[in-house]
Structures are given as C-alpha cells and as structure tokens.
Amino acid sequence: MNPLLSRLQPYPFERLKQLFAGVTPVPEYAPVSLGIGEPKHATPDFIKEALTASLGALAAYPATAGDLKLRTAFTDWLQTRYSLALDPATQVLPVNGSREALFSLAQTVIDATVSPQPVVLSPNPFYQIYEGAALLSGAEPYYVPSVASRNFAVDWDSVPEDIWARTQLVFVCSPGNPTGAVMPLDEWQKLFALSDRHGFVIAADECYSEIYFRDEPPLSGLEASVKLGRPDFKNLIALTSLSKRSNVPGLRSGFVAGDATIIKKFLLYRTYHGSAMSGTVAAASIAAWGDEAHVIENRAKYRAKFAAVTPLLEPVLDVRLPDASFYLWAGVPEVWAGDDEAFARALYAQYNVTVLPGSYLARNTTHSANPANPGKGRIRMALVAETAECVEAAERIVRFVQDGRP
C-alpha cells in the first residue's frame, strides 16, 4: 500500500459529520445546510438538452485531448471573457472538473526524486485537494497564511527564501475558497518574478471566477500574465470548470489553459491516467461555454441573495461582502473565544443550521511568526440554496448569536 496515503487528513465534511454525531437538532426547525459548497440553482434546460441530444457519442471512446470543436469552445470563451487569444491545439485541455485536474497536475509537475524534498505552496485556509495532491506527489505542503487585515490576501512575503528554492508548485485560488478574495495584478507580478527565479509552476484555481459582486470581474492569472508581458504563460496553468458558472456540478466538466510545454506533458500523463471527457459531456460543455445569458442570470441570483443575507449577519458576526465566490467567511462572536467547532455544533443543535468550522479548512502554520490556525474562530457559509432558505438560515443565526449562550 502506498505509505503516503497515511498522511492524508479526513476531509472537512467527514470531520463535520463526526462533530455533529450524537446531536439531535430542535425538531421544530427544518434543516438548512450552508455547509457544503454545492451549487443548488437549477441547471439550464439548454445544457440538459445538449447532453441528451448527444447520447450517441457513448458508442465511441473519447479522445483524451478532446476534439478541436471542444477545445475551440474553451479558447472562444477565454477570448470573450478575458480578450485572450490561445491556441486550441496546444494551450488548452478538457478535464473532468477542477478537482481531478488540480490533483493530477501535481502528479505531472512534481519531481519527488530531488533532494531536499520538494515543496508545494498552498494558501491557508485552502481547498483540501491542494494538500492531498502535494502529499501524494511526494512533496511537502507549505501553508501560506491569508491576512484578514489585507482582505485575506495571501502573505507571500512570509515565505522564506530556502522554501522558495525548494518550491516546485504553487496553488493559487482566486477568487478564493473560503475567503472570496481576488488576487490583484501586483500580487501576480510578485509570483511571476519568483517563478522566474526558482522555476516553479503556478496552478491558478479559478472555478469561482463568474460569481462576483463588484463591477469589475475578477482578474485571471492568464489575463495578468498577458498584462505583464508574458504572452506565452510561462510556468502558468489556469483551471476552471462549469460547476459553479453553469450549475452543473454533476457534469464534471472543465478545462485547463496556459503554458503549452506543461499542457503537452499533462496530456501525456492524462493519456495513461484514463481521464478523457465523454462525448456527451463534451457536447453539453460546448453549449454551456458558448452561452453567457445563463451566467449573467446566475450571477444576478447570487448578488440578490448576498444583498439580502449579508446585512442581516453583519451586526452579529465579523463578516462582509466578499469580492467573489458564493461563500461568507465570518468570524464568530468574542464570547465563543474563537471556538468555531463549538459554535457550529451549538448552532446545529439549537436551530438546525449547518455551517463549516473554519479551522477545518486550514492548518496550523508552525513555521510562521503566528503559528495559529488562520481558520480558527471563523465559519464558512455557502449561500447555495435559494434566497428564501438562506435568509431563513441567517435569521436563525442572528437569533442564535443574540441568545448569547456558548
């Protein structure tokens, strides 16, 4: 058995299940879950129709690289969204959702034969796939804290030079999960300069890019690369998917784009990995990437929902409207002494509302001047249900906080 498997930690939702074990919520309240970031808005009919109309494709093995029509759908979207011109033959690949691609990219990039042990940098808090991908590639994860006072910007300056020298891969999540923060151009410039100096690959996880609340849409790593005079996207791979953008989490469809040299090696890995996208999924994906009307409608729903919920919670929690994504990253009241687990468990017991303890999404940063878990004392709320249900959950949270009994 692969000994590296023993280093994997329980997934946050398994820890949440254990936290709630033995708790019976007050029965008068219907359950409301803000715990899991699974889109709940209806899948557009035209995507389902494209899927069912292409069932004949099930009779053939799909190509790992996808066909040119599919890859052109990706590059057409990149042109529409970011005014970027990428080669569909060499600079994009279909993937079965961003989770699968984030994991497999690390297996492609990391050279575990070097000494000392290679490093993978991850924001902290983070999406747990980053950690698992690093560990199973034979690398050492290094957690870089997000700074609340700087809109949860990742503190790249806190990483010592000897760690940068060992770094082979850096995960960037912008817009961030769970903080919703968007990385600005000057931060990209800093990372690109470090990548040029040390040779590491940057994996830009951008699956929340289409759910935003400001007038200006979030900046892509690819877009930043071109703005900074790097049109070849050297050592940069961006990853995105349809799950949040188009409300199709079960479709498992996305793409990667960027450095053609890395894309070529990634395709080689994927050919053996057996991760080709089904022709039926490809047809539905082409339809989805080619339509923006449903994306605008989806974003409007989230904007209305956050506009209804955030003002309710601001007086009782340390929370504000994020730059993007569909999460609220809230600090629990001082009376709870930073115990996000106790807060989540008591809220579930008294009002049948599920939130995710922030400490489950982060690790202690023992290498830092501040070794605390940066998720401690916070909760993540996924506003994925319909507005009325999210408002009901917010109103219960307000009553719970006002009860004032830890």
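Residues numbered from 1 in each chain as written. Predicted model: local features only at pLDDT ≥ 70, side-chain atom pairs only at ≥ 80, totals over all residues. Heavy atoms only, no water.

**Considering the overall build of the protein**
Step number 1: Looking only at helices and strands, one finds 14 helices and 13 strands in the protein.
Step number 2: Here the C-alpha coordinates of the protein stretch approximately 60 × 55 × 45 Å along the principal axes.
Step number 3: Of all 406 residues assigned to the protein, the portion counted as buried reaches 56%.
Step number 4: Sequence-distant contacts in the protein: of pairs separated by 6 or more residues, those separated by 24 or more amount to 74%.
Step number 5: Of the charged side chains in the protein, 36 are positive and 42 negative; the average position of the first set lies 3 Å away from that of the second. (Helix = DSSP H or I, 4+ residues; strand = E, 2+ residues; numbered from the N terminus. Buried < 20%, exposed > 50% of the residue type's maximum accessible area, 1.4 Å probe, protein only. Contact = heavy atoms within 4.5 Å. Lys, Arg positive; Asp, Glu negative; His and termini not counted. Charge placed at Lys NZ, Arg CZ, Asp CG, Glu CD.)

**A closer look at the nonpolar core**
Step number 1: Counting residues in each nonpolar core, the largest one holds 52 residues, and the members touching the most others are Leu34, Leu313, Leu317, Phe343, Val353, Met381 and Ile397.
Step number 2: Mapped onto this core, the elements with two or more residues apiece are helix H1 (12-19), helix H12 (293-313), strand S10 (327-331), helix H13 (340-351), strand S13 (378-382) and helix H14 (387-403).
Step number 3: Broken down by element, this core gets its largest block of residues, eight residues, from H14.
Step number 4: For leucine 313, the contacting residues outside a window of four places in its chain are Val319, Leu328, Met381, Ala394, Ile397 and Val398.
Step number 5: Counting residues in hydrophobic clusters, the runner-up holds 46 residues, among them Phe74, Trp156, Ala224 and Ala288. (Core = buried A, V, L, I, M, F, W, Y, C linked by side-chain atoms within 4.5 Å.)

**A few points about the sheet that holds strand S8 (residues 236-241)**
Step number 1: An order of S2-S9-S8-S7-S6-S3-S4-S5 is seen for the eight strands of this open sheet, with the pairing classed as mixed. Sheet topology places strand S2 (92-95) and strand S5 (153-154) at the edges, where each strand pairs with a single neighbour.
Step number 2: When strand S3 (residues 119-124) meets strand S6 (residues 167-173), the two strands line up parallel, connected through three bridges. Within S6, the position partnered with valine 119 by the bridge is threonine 167.
Step number 3: In the packing of helix H4 (residues 98-109) onto the sheet, contacts are made with S2, S6, strand S7 (201-205), S8 and strand S9 (254-258), and the angle to S6 comes to roughly 165 degrees. (Pairing = 2+ DSSP bridges. Axes fitted to C-alpha atoms, helices over the stretch in contact; angles between N-to-C directions.)

**Things to note about the pairing of S10**
Step number 1: In terms of residue burial, S10 counts as a mostly covered element, since five of its five residues are buried.
Step number 2: Alternating positions in S10 separate into two faces, Tyr327, Trp329 and Gly331 on one and Leu328 and Ala330 on the other, with burial throughout.
Step number 3: Direction of pairing for S10 relative to S13: antiparallel, over a ladder of five bridges. Within the sheet, the bridge partner assigned to alanine 330 lies in S13 and is isoleucine 379.

**Some details on the pattern of salt bridges**
Step number 1: Applying the stated criterion to the full structure yields 15 salt bridges.
Step number 2: Two residues, lysine 190 and glutamate 187, come together in a salt bridge whose shortest N-O distance is 3.8 Å. Here the residue lysine 190 and the residue glutamate 187 both occupy positions in helix H7 (residues 185-198), the gap between them amounting to three residues, near one helical turn.
Step number 3: With a shortest N-O distance of 3.6 Å, arginine 214 and aspartate 323 are connected by a salt bridge. You can see arginine 214 sitting in the loop between S7 and helix H8 (221-227) and its partner aspartate 323 sitting in the loop between H12 and S10, a full 109 residues away along the chain. (Salt bridge = Lys/Arg side-chain N within 4 Å of Asp/Glu carboxyl O.)

**Quick look at the packing of helix H2 (residues 45-53) against helix H11 (residues 279-289)**
Step number 1: As a packed pair, H2 and H11 sit with axes 7 Å apart at the nearest point and diverge in direction by 150 degrees. With respect to H11, the element H2 is oriented roughly antiparallel. For the crossing formed where H2 meets H11, the hand is right-handed. Contacts between H2 and H11 involve Phe46, Ile47, Ala50 and Leu51 from the former and Thr280, Val281, Ala283, Ala284, Ala287 and Ala288 from the latter. (Parallel < 35°, antiparallel > 145°, perpendicular 65-115°, else oblique. Left-handed = near helix turned anticlockwise from the far one by under 90°.)

**So, the packing of aromatic side chains**
Step number 1: Counted by the stated rule, this structure contains 24 aromatic pairs.
Step number 2: When the ring of tyrosine 130 is compared with that of phenylalanine 171, the centres are 4.6 Å apart and the planes differ by 15 degrees; the resulting orientation is stacked. With tyrosine 130 in helix H5 (residues 129-136) and phenylalanine 171 in strand S6, this pair connects stretches of sequence that are 41 residues apart. Each member of the pair, tyrosine 130 together with phenylalanine 171, is buried.
Step number 3: Summarising the aromatic geometry, the rings of phenylalanine 326 and tyrosine 327 are spaced 4.9 Å apart at their centres and angled 75 degrees between planes, so their arrangement reads as edge-to-face. (Phe/Tyr/Trp six-rings, centres within 6.5 Å; stacked < 30°, edge-to-face > 60°.)

**Thoughts on unusual backbone geometry**
Step number 1: Here the amide bond leading from serine 115 into proline 116 is cis, since omega sits at 5 degrees, within 30 degrees of zero.
Step number 2: Structurally, proline 116 is set in the loop between H4 and S3.
Step number 3: Of note, the phi angle at asparagine 247 is positive, near 60 degrees, even though the residue is not glycine.
Step number 4: You can see asparagine 247 is positioned in the loop between helix H9 (243-246) and S9.
Step number 5: A positive phi angle, close to 60 degrees, is found at asparagine 352, a residue other than glycine.
Step number 6: Inspection of the secondary structure assignment puts asparagine 352 in the loop between H13 and strand S11 (353-354).

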